[in-house]
Each structure stands twice: as C-alpha cells, then as structure tokens.
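Understanding the architecture of this molecule
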Amino acid sequence: MTSLDHDKAFLADFATLSQFGETRGGGVERQAATAADGEQRAWLHQWLTDRGAEVHYDGVGNQFGLFTVTPGAPYVLSGSHLDSQPLGGRYDGAYGVLASAHAAHRAVRQWATAGSSPRYNVAVVNWFNEEGSRFKPSMMGSSVFTGKLPAETALATTDPAGTTVEDALRAIGTIGDYEGPDVAAYAEIHIEQGRGLENEDTTIGLVDSTWAARKYQVVVRGDQSHTGSTIMADRRDALLGASLLVVAVRELAEESTQTPLHTSVSEMTILPNSPVVVAREVRLHVDLRSPDEALLDAAAKKLAGTIPGIEERASVSIEQVQTHGWGVAPFPAAGVELAAQAADDLGLSHQNVMTVAGHDSVNMKDVAPSIMLFVPSVEGISHNEGEFTHDQDVCAGTDLLTEVLHRLMSGAMDSR
Ligand code: GLV
Ligand code: MN
Ligand code: MN
C-alpha cells in the first residue's frame, strides 16, 4: 500500500468510528459501558480479528487485540480509550485507539515483508473508562491494570443511576478473565487538547512529563427548608455554601499569576434540587492542576483554609476528600529521544511538551517504558463536540506511531 492508501484507509475507518454515538453537533456521546460504547467495541473487535489479531477482555473491560508474530515473546502495547465525555469530541481517545490499530497492523506487515521476526509482538489496547464521566475516577481501566486501583473497587463503582461498572460491562458483553499481555513497552498517541503545537506550527508533541492533578469529592451539608417561609437567619443553605466554594476554587487560579494553576468545580449534585426547597446537601467535584506540585499542594491547603469561613457564613458543614490525583513525573528520556529520531526520519516537526490532561500513559509509564505522542488540536478545543484535528496531522501521527511501534518491536527501548 502507498502512503496515500494508508491515509485513505485510516480516514475512512475514523469516519466509521465517529458514527458510533454521533451527536448533532458533530461530536460523539459514548460514555463508558453504554450501548454506544458496546457498539464501537464490537466494531473494533471485528476490525482486529479481520486482520489476524486475537481479541481478549480482562476483568475490568480493558479490550486487547494481540498480533502475535513471535510466539512466546512479550508485547509492545499501544492504545488509548474509545469512551467519551457527554457531548464529547470525536478525537479524544478514539484517535489513539484507531491509530494504534492501524499502526500495529502496518508494523506487523512491515516485519513480514522484510521476512524477519521482531523481538516483540504488538498489541492494541482500548482502556476501559478513561474519561471518568459516568464512573469515577478517570483512567479506571489502566489504573487497575497498573495496580493502582483494586479491580473489586472499580467493579463496584456506581454511576448516578446506581448501576455498577460490573453490571454495565456485562450488559455490553465486554468483560472477561484475560490477565493482560506481558508488556515490553507502551505507546500512546492523543490529540494535544491545548494550543501549544498549533501556536508553534509543529506537527508532533513529544510528551516529556505530566502536570500534577488533585481531585476532590466535597459534600456541603445544610438543612432542607421552605424557600419562602423560612426566615433568612434560620437557613442552612447547602447551595450557598457550594456557591461560595465554587468562587473560592476559581480565585485560587486567579491569584496564581506566576505559575499556571487550572482549577474547576466540574460537577454538582443538588439535593433535593426542587424549586421551593432550600438545598439540604450539595456534592461537588473539585479538580486542581499545575505543572508545579508544590504550588498545587499550597493551593489545596489554601482551599481547605477557606472552608471554615464558608461553613460559618452559610451555616453548613463541609467535608472534603481527595479521590484521585497524580504527580509531576517524567516520561523516560530514552522514549522521547526514540520518538524524536523517528519523527526526524519521517521529516515531521516536533517539540517536547508536558501533558496537562491525564492519560492512560500516565499510569503505564510507571510500569513499562512508555512513549506519549501528541498531534495538534485546532484552537485547543477539547471535551467539546467542536474538537478538531486536521486530516494531515492525524495521518502524520499515525505514520509516526507506526515507525515508533516498529522500532519498539525490535527492542529499541531495551538497553536504554
Ligand atoms: C483525565 O482524562 C483527566 O485529565 O483527568
Ligand atoms: Mn483522552
Ligand atoms: Mn478526555
């Protein structure tokens, strides 16, 4: 196949994949283990088996497609996630899974054409529930795979309707007892979800480290009462407490003028959420991120320090628990170097970048030599139906991933 044929085949498959859960605004809605997620998993399963891969599911719904060319050898694993946010974009995660499928298949054929056997096999992975929207936390499947989250905890996690991960996975039939491959190295490609590459007119981002993140579940407790008849002095309005907290979270970022600090209250559940009732309880999800971990810890401490004042002003009680997080951590320099060399050989411009968003590679880098690649996001739009990456960048990234997988299959990261 020529390079043009590869591009056409990739773009046609990406168009097909983008139809699962497609939304009127040009995005997708296929949260973890919903019917749309089940349909796209079945489609990927068929795509992989049609090309000679064996597909297996582990106990938390991670989907693996194994191309075994050197029996008994470990696997270079490459993937991302197919699940999306509500009203999400077509590229976040799905691009990386499809690019991995095409790149793995192409690399296998390159070895076959050359008539030689690689040191390692290659496998594609579609991690379960990277987004963490229907079931918290994010990066769930890779967290279990890397031993950071017990499988039983993940399986018992419920969505807002009370459905467990286990029941949801059984309903779409993608849960199994596969233990997962022996992983020699890991690679992932993803859209940048920021403006850095576009601003610099660069095609490839080589992720050399992560921002840190801290996520909290906060519960504000007040007292349910009548919105009309309860005198103001008697109110214990949980929604007032929550609102003061939303502002306090935003102010943390506004006060950090030297070093970036991104802060959000991203989810709020109001009880009973009724027009003539002062809220008795509000649950919030707080998300803090920074490339400076000490600053992040200081911000978290400052936020905790504002809580007594909010409790007093709104006559509520507030409980805050950290539920997820990760540190500023490097990706192996050898992998950045390998990918930079491959990009140079393909004539692709590149620069080193930090990842601001979390990715499954952030988990995998702690257990296997890992490489994370980015392609540009137009205007940095993400977690939005308007997410877009130009076809030429999508195809260039897949070419680079093919080259990276080919090199990793030869054992290129072994002695580094
Ligand atoms: C995961 O995608 C995150 O950035 O939290
Ligand atoms: Mn993603
Ligand atoms: Mn995402």
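Residues numbered from 1 in each chain as written. Chains lettered and ligands numbered in written order. Predicted model: local features only at pLDDT ≥ 70, side-chain atom pairs only at ≥ 80, totals over all residues. Heavy atoms only, no water.

For the manganese ion (ligand 3), the full set of protein donor atoms is Asp92 (OD), Glu131 (OE), Glu131 (OE) and His383 (NE2), and the range of their distances to it is 2.0 to 2.4 Å. Sequence spacing among the residues donating to the manganese ion (ligand 3) works out to D-x38-E-x251-H. Separating the manganese ion (ligand 3) from the manganese ion (ligand 2) is a gap of 3.6 Å, which aspartate 92 spans by donating to each of them. Of the two residues, glutamate 131 sits in the loop between β4 (121-126) and α4 (140-145) while histidine 383 sits in the loop between β14 (370-375) and α12 (391-409), which places them 252 residues apart along the sequence. (Donors = N, O, S within 2.8 Å, 3.2 Å for Na, K, Ca; no water. Helix = DSSP H or I, 4+ residues; strand = E, 2+ residues; numbered from the N terminus.)

The environment of ligand 1 is made up of Glu130, Ser138, Lys215, Arg289, Trp326, Ala357 and Gly358. Glutamate 130 places a side-chain nitrogen or oxygen 2.9 Å from an oxygen atom of ligand 1. The contact in question runs from an oxygen atom of ligand 1 to an N or O atom on the backbone of glycine 358, over 2.7 Å. If ligand 1 stood free it would expose 190 Å²; the protein chains cover 90% of that surface. Among the cavities detected, the one that contains ligand 1 is the largest pocket. Residues that form the shell around ligand 1 fall into these classes: 2 nonpolar, 2 polar and 3 charged. Counting contributing residues, the shell around ligand 1 receives three or more from each of domain 1 (3-211 + 328-409) and domain 2 (212-326). (Near = heavy atom within 4 Å. Polar contact = N/O pair within 3.5 Å; in protein donor to acceptor, adjacent residues only side chain to side chain. Areas by Shrake-Rupley, 256 points an atom, 1.4 Å probe, with all protein chains shown as cover. 1 Å grid on protein atoms, 1.4 Å probe; cavity = no way out; pocket = protein on both sides within 12 Å on 5 of 7 lines; lining within 4 Å. Sits in = over half its atoms within 2 Å of the grid points. Nonpolar A, V, L, I, M, F, W, Y, C, P; charged D, E, K, R; others polar. Domains from an automatic or database assignment.)

Quick look at the environment of arginine 313 now. In this structure, arginine 313 sits in helix α9 (residues 293-314). The exposed category is assigned to arginine 313, whose relative accessible area is 61%. In this structure, the C-alpha to C-alpha distance between arginine 313 and leucine 244, residues 69 residues apart in sequence, is 9.2 Å. (Buried < 20%, exposed > 50% of the residue type's maximum accessible area, 1.4 Å probe, protein only.)

Turning next to helix α1 (residues 3-17). Taking 1.5 Å as the rise per residue, α1 with 15 residues should run 21 Å; its terminal C-alpha atoms sit 21 Å apart, in good agreement. Those residues of α1 that fall on the buried side of the exposure criterion are His6, Phe10, Asp13, Phe14 and Leu17. Viewed along the axis of α1, the buried residues span an arc of 105 degrees, placing them on a single side of the element. Exposed residues pointing more than 90 degrees away from the buried face of α1 are listed as Leu4 and Lys8. (Expected span 1.5 Å × (residues − 1). Arc of directions from axis to C-beta.)

Among the nonpolar cores identified, the biggest contains 56 residues, and Leu48, Tyr95, Leu373, Val404, Leu405 and Leu408 are the most heavily contacted of them. Sort the elements by how many residues they give to this core and helix α3 (residues 94-114) lands first, with 11 residues. Those residues within four positions of tyrosine 95 in sequence are excluded, and the remaining contacts are Phe10, Phe14, Ile189, His190, Ile191, Val375, Asp393, Val394, Gly397 and Thr398. One finds Leu252, Val286, Ile310 and Val316 within the second-largest nonpolar core, a separate group that totals 26 residues. (Core = buried A, V, L, I, M, F, W, Y, C linked by side-chain atoms within 4.5 Å. Contact = heavy atoms within 4.5 Å.)

Glancing now at the sheet that holds strand β7 (residues 212-221). Sheet architecture is open: 4 strands sit in the order β9-β11-β7-β12, paired in antiparallel fashion. Lying at the two open borders of the sheet, with one neighbouring strand each, are β9 (262-271) and β12 (317-326). For this sheet, the mean angle separating the axes of adjacent strands, direction not counted, is 15 degrees. Pairing between β7 and strand β11 (residues 281-290): 10 bridges, direction antiparallel. Paired with arginine 221 across the bridge in β11 is glutamate 281. Helix-sheet contacts for helix α8 (residues 238-255) involve β7, β9 and β11, and the interaxial angle to β9 is about 170 degrees. (Pairing = 2+ DSSP bridges. Axes fitted to C-alpha atoms, helices over the stretch in contact; angles between N-to-C directions.)

On to the domain arrangement of the chain. As far as domains go, the chain holds domain 1 (3-211 + 328-409) and domain 2 (212-326). For domain 1 and domain 2, the distance between their C-alpha centroids amounts to 34 Å. Taken together, the contacts link 12 residues of domain 1 with 14 residues of domain 2. Interface of domain 1 and domain 2: buried area, both sides summed, is about 1100 Å²; carbon and sulfur atoms make up 59% of it. Of all residues in domain 1, Lys136, Trp211 and Val328 bury the most surface against domain 2, accounting for 58% of the area lost on that side. (Buried area = accessible area lost by both parts, 1.4 Å probe.)

On inspection of all chains with the given rule, the structure shows 10 aromatic pairs. Taking 6.3 Å as the distance between ring centres and 10 degrees as the angle between the ring planes, the aromatic pair formed by phenylalanine 10 and phenylalanine 14 counts as stacked. Note that phenylalanine 10 and phenylalanine 14 are positioned in helix α1 at a spacing of 4 residues, about one turn of the helix. A relative accessible area of 6% places phenylalanine 14 in the buried class. Aromatic side chains phenylalanine 64 and phenylalanine 145 sit 5.7 Å apart centroid to centroid with 45 degrees between the ring planes, which places their arrangement in the tilted category. (Phe/Tyr/Trp six-rings, centres within 6.5 Å; stacked < 30°, edge-to-face > 60°.)

With that out of the way, let us pick up the layout of surface pockets. The calculated volume of the largest pocket comes to roughly 1100 Å³. What lines the largest pocket is a set of 45 residues, and nearest its centre among them are Lys215, Asp287, Arg289, Ala357 and His383. Only β9, β11, β12 and β13 (350-355) provide two or more residues apiece to the lining of the largest pocket. Partitioned by chemical class, the residues of the lining of the largest pocket number 12 nonpolar, 24 polar and 9 charged. Viewed by domain, the lining of the largest pocket spans two of them, domain 1 (3-211 + 328-409) and domain 2 (212-326), each represented by three or more residues. Approximately 360 Å³ is the volume found for the second largest pocket. Taken together, 15 residues form the lining of the second largest pocket, with Lys136, Thr158, Pro160, Gln217 and Glu267 sitting closest to its centre. Taken domain by domain, the lining of the second largest pocket gets at least three of its residues from each of domain 1 (3-211 + 328-409) and domain 2 (212-326). (Points joined across faces, edges and corners; volume = space filled by probe spheres on them.)

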